[in-house]
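Chain by chain, the residues:
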Amino acid sequence: MVNANLSVRARTTLRGHIESVLFPLSLEVLGASEEEWRSATFPDLASKFNFLTACIEQFERDIPSSELTYLASVEDVIRYYKTPVARPKYIELRPSLYH
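On a predicted model such as this, the values are computed, not experimentally measured, just so you know. (Residues numbered from 1 in each chain as written. Predicted model: local features only at pLDDT ≥ 70, side-chain atom pairs only at ≥ 80, totals over all residues. Heavy atoms only, no water.)

A.B. asks: How should unusual backbone geometry be read in this particular structure?
C.D. replies: The bulk of non-glycine residues show a negative phi, and the bulk of peptide bonds are trans. Even without a glycine there, the phi angle at Glu-60 is positive, about 50°. Considering the arrangement of structural elements, one finds Glu-60 in the loop between α2 (45-59) and α3 (74-82). (Helix = DSSP H or I, 4+ residues; strand = E, 2+ residues; numbered from the N terminus.)

Right under this line is the structure:
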């Protein structure tokens, strides 16, 4: 999972890694050009499914169905994977026995 407190260098490295994975994938699955691969969109649902399934496998991070509508281009996918994963804060529900 991505830490919310990443340094600028770590974020730059992360973006470079994300792009190094998505660049060949966008060429192969979407038939995007090398010059405009970031702005490539999904021509149909099958292409979107194939592209995002490959992303999930590569990055080992699922994409909730509630986010799928917002992923219309490769740039949207880059932005999604750059976004830190919010870790839930757990509250202890049982009372402490040692007050």
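Right, picking up where we left off after that structure.
A.B. asks: Whenever I open this one, the packing of aromatic side chains confuses me. Can you help?
C.D. replies: Each aromatic ring pair is described using two quantities: the centre-to-centre distance and the angle formed by the ring planes. Counting across every chain of the model gives four aromatic pairs. With a centroid separation of 4.6 Å and an interplanar angle of 40°, the aromatic rings of Phe-59 and Tyr-81 are classed as tilted. In this pair, Phe-59 sits in helix α2 while Tyr-81 sits in helix α3, placing the two residues 22 residues apart along the sequence. The exposure class assigned to Phe-59 is buried, which follows from its relative accessible area of 17%. Grouping aromatic residues by their ring pairs yields a cluster made of Phe-59, Tyr-80 and Tyr-81. The residue whose ring lies beneath Arg-61 is Tyr-80, and the NZ or CZ to ring-centre distance is 4.5 Å. (Phe/Tyr/Trp six-rings, centres within 6.5 Å; stacked < 30°, edge-to-face > 60°. Buried < 20%, exposed > 50% of the residue type's maximum accessible area, 1.4 Å probe, protein only. Lys NZ or Arg CZ within 6 Å of the ring centre and 35° of its normal.)

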